[in-house]
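Listed below are the residues making up each chain.
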Amino acid sequence: MPKISTDTINAVNNVTDMVSLVENYTHLEKRGYTWWGCCPFHNEKTPSFQVQPDKKLFHCFGCNKGGGLLKFLMEIEHISFTEAVTRLADKSGIPVVYDGGNYKPSSEDKLKKDILDLYDKVTKSLHHILINTKTGKKALDYLTSRNVSPEIIEEFKLGFAPENRKWLFEFLKEKGFNKEFLSKTGLFSKKYPEIAFFSNRVMFPISNRHGQIIAFGGRTLSNDEKKPKYLNSSDMPQYRKKESLFGFNIAIQEIRKSKAALICEGYMDVLAFHQAGIKIAVAPLGTALTGEQIKMIRPFADIVYLAFDSDTAGQNASYKAINICAKLGIQTKIVSIKNGKDPADILLKDGAEGLIFIFKNAIITADYLIQIALTRFGSTPDGKLRACRFLFPYLEALDSDIKRESTIAQISATVGISQSALYSDYKNRVKQTWNAIVQDKDITDKIDYNAEMRAVLAVVANTDLFKMMRSELTADDFENLHARELFIILEECYRDDALICENILAKCQNDSLRNAITKTVTKGEFTMKAKEIVSDGINYVKSNILQKKRENLLGKLRLLNVTGNVEDSNLADELMLEIRNIDNQIIKFKGRTV
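Thresholds applied
- Residues numbered from 1 in each chain as written.
- Predicted model: local features only at pLDDT ≥ 70, side-chain atom pairs only at ≥ 80, totals over all residues.
- Heavy atoms only, no water.
- Helix = DSSP H or I, 4+ residues; strand = E, 2+ residues; numbered from the N terminus.
- Rg over C-alpha atoms; globule rule 2.2 N^0.38 Å.
- Buried < 20%, exposed > 50% of the residue type's maximum accessible area, 1.4 Å probe, protein only.
- Areas by Shrake-Rupley, 256 points an atom, 1.4 Å probe, with all protein chains shown as cover.
- Lys, Arg positive; Asp, Glu negative; His and termini not counted.
- Charge placed at Lys NZ, Arg CZ, Asp CG, Glu CD.
- Core = buried A, V, L, I, M, F, W, Y, C linked by side-chain atoms within 4.5 Å.
- Contact = heavy atoms within 4.5 Å.
- Pairing = 2+ DSSP bridges.
- Axes fitted to C-alpha atoms, helices over the stretch in contact; angles between N-to-C directions.
- Left-handed = near helix turned anticlockwise from the far one by under 90°.
- Nonpolar A, V, L, I, M, F, W, Y, C, P; charged D, E, K, R; others polar.
- Phe/Tyr/Trp six-rings, centres within 6.5 Å; stacked < 30°, edge-to-face > 60°.

Enquirer: Talk me through the overall build of the chain; I want residue IDs and the actual numbers.
Expert: Across its full length, the chain carries 25 helices and 14 strands. Taking 594 residues into account, the globule formula puts the C-alpha radius of gyration at 25 Å, and the chain, at 26 Å, falls close to it. Oriented by its inertia axes, the alpha-carbon framework of the chain measures out at about 80 × 60 × 55 Å. Burial analysis of the chain (594 residues in total) assigns 47% to the buried set. Counting every atom, the chain has about 29,300 Å² of accessible surface; 50% of that belongs to carbon and sulfur. With 83 positive and 74 negative side-chain charges, the chain shows a spacing of 2 Å between the two charge centroids.

Enquirer: Can you break down the nonpolar core residue by residue, with the values?
Expert: By size, the foremost hydrophobic cluster in this structure holds 115 residues, and its most contacted members are Leu-143, Leu-158, Leu-262, Ile-263, Ile-297, Val-335 and Leu-355. If we skip the residues at most four places from it in the chain, Leu-143 touches Leu-130, Val-148, Ile-153, Leu-158, Val-202 and Met-268. Residues Ile-447, Ala-475, Leu-513 and Phe-526 belong to the second largest nonpolar core, which totals 32 residues.

Enquirer: Kindly report on the sheet that holds strand β7 (residues 201-207), identifying the contributing residues and their values.
Expert: Within the open sheet, the 4 strands sit side by side as β6-β7-β8-β9. Their pairing is antiparallel. Whereas interior strands pair on both sides, the edge strands pair on one side only; in this sheet they are β6 (159-161) and β9 (230-232). Averaged over all adjacent pairs, the angle separating strand axes in this sheet is 35°, with direction ignored. With 3 bridges joining them, strand β8 (residues 213-220) and β9 adopt antiparallel strand pairing. By the bridge assignment for β9, Gly-217 is matched with Asn-232. Across the face of the sheet, helix α5 (residues 107-132) comes into contact with β6, β7 and β8 while running at roughly 35° to β8.

Enquirer: Account for the packing of helix α15 (residues 365-377) against helix α17 (residues 401-415), naming residues and giving values.
Expert: At a minimum axis distance of 11 Å, the contact between α15 and α17 shows a crossing angle of 35°. Helix-helix and strand crossings are classified by hand; for α15 and α17 the assignment is right-handed. Together, Ala-366, Asp-367, Ile-370 and Leu-374 of α15 and Thr-407, Gln-410, Ile-411, Thr-414 and Val-415 of α17 make up the contact between the two elements. Here the contact of α15 with α17 is built from residues that sort into 5 nonpolar, 3 polar and 1 charged.

Enquirer: Explain the packing of aromatic side chains residue by residue, including any values.
Expert: Any aromatic ring pair is given by two values, namely how distant the centres are and how the planes are angled relative to each other. Under the definition given, this model contains 27 aromatic pairs. With centroids separated by 4.9 Å and ring planes inclined at 90°, the aromatic side chains of Phe-197 and Phe-198 adopt a geometry described as edge-to-face. Members of the aromatic cluster, each reached through a chain of ring pairs, are Tyr-25, Phe-41, Phe-49, Phe-58 and Phe-72.

Structure follows, in structure tokens:
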């Protein structure tokens with residue numbers, strides 16, 4: 001195999017600034033002739049990572065990882081030597097010359113590069129349609145109605161995918177792209193390769209930290225409730241959802257400057273915060289926040305603001321994010337978004353000042369968690385016990401005994417129990433409660449085969465039943481995190497027209513979950529009464545949603561009594577009426593599953 005010439009390698013080394021390259025991944029500060037920062041390869045608080053720009057070398061005195069400029073890029077991006085040289089050469093306009101003649105890159109490297117080039121062209125075309133054509137007017141009107149400015153549309157390169165699902169294929173075919181290549185780009189249905197994956201949708205290009213378009217998200221303009229409101233690209237050679245954040249390439253400079261980041265739920269939320277001048281906002285991509293995404297932010301931010309919905313799903317998302325950040329030593333605060341609104345609604349009604357107000361008045365994390373615990377579980381002896389168990393994972397995740405002791409004192413004072421009793425119970429029960437309260441796949445891989453999990457496994461064994469399940473439930477409806485993860489995988493395979501067991505297993509990254517799938521399918525556990533099991537599981541989930549809503553209303557009712565706000569009898573009557581209505585619905589669901 002021909003090798004890249006020494007002249008090319010030397011040119012890349014000479015032209016590339018080592019400090020600028022490394023600062024894409026961690027914050028550096030100059031000390032004398034060298035630069036220091038926290039290592040991007042392992043978790044640390046005290047900087048032990050050194051860069052010597054004149055020698056183009058790096059070394060971490062904590063994990064002992066070190067090497068030269070190209071080695072750094074290879075390790076941090078998990079790419080080959082050839083790809084590292086080529087990437088830096090392309091960026092600097094250096095022609096890549098090979099010893100012994102021309103070199104043909106691997107098919108995987110070439111496909112990745114060709115997809116990136118295509119995505120850039122498609123982004124420009126969809127942006128043009130949005131801005132300059134009659135076809136894009138309804139999408140542009142929608143964005144305008146949501147108070148998205150022309151500047152934000154331009155900065156985020158927003159676009160519109162036409163309703164004609166064959167348009168994109170014909171357009172690209174005319175530009176010289178062949179059918180075989182287009183079928184590998186993720187832009188078309190796997191079953192019908194001429195049908196676009198995105199149609200009649202406002203398009204949100206997703207970039208890597210270098211600004212290259214690596215995926216897309218789309219928000220439907222259709223009123224058909226059966227169509228998912230948002231669609232997202234599946235994982236591709238150039239794109240991993242759990243390692244990407246929408247808006248990160250745009251927000252990174254302000255995150256560096258302010259040493260703070262704001263994580264919200266979706267694309268429109270990010271746009272709203274940026275529109276309001278809070279340009280540190282980013283969002284995960286259709287999945288729960290991951291440790292990998294937090295690690296992208298960690299080198300540049302001392303504090304992370306979380307702006308999720310105030311409903312149960314939003315609270316659970318905040319809870320998980322808080323614990324991930326705590327384990328990584330990052331301070332968090334909660335931006336309170338209430339009454340079913342989202343940041344775009346607040347921007348529309350109250351202007352930029354409304355979003356700035358809730359951002360500046362973010363809640364301290366411990367206060368938020370204690371408030372949630374008391375609302376959910378109440379102030380009875382059993383409620384206090386459950387509330388404290390709910391808080392134990394956060395105590396465990398704190399990276400300092402001082403922080404832990406201070407938080408225990410705060411919980412003790414607010415909940416009304418002694419510090420000694422709280423600390424004793426925490427030490428004795430923390431391992432059990434960690435698994436019982438939050439079944440987080442990052443914490444435990446133990447599968448809970450409850451009705452939710454059995455229903456989703458039954459669908460894996462009988463994939464034709466997934467249409468029934470997805471018409472009734474969404475991923476956020478599941479409390480069992482393994483069931484939720486498997487539902488998301490099923491949804492991705494369904495959208496790819498590839499809903500077969502082999503593809504489901506290929507997308508499954510959790511060994512325990514993969515083993516559960518193979519075990520149940522090979523045993524033929526769900527060959528009988530599968531539809532009944534799925535139907536019972538759907539009713540179980542819906543009943544749980546109502547039960548949680550009931551507990552939340554009871555918590556509000558208790559708070560009226562706890563705070564002495566008994567004068568508001570009208571509110572108490574409304575809460576009681578809503579609770580009775582929910583009780584009637586729960587009885588109906590229980591009747592269906594008998």
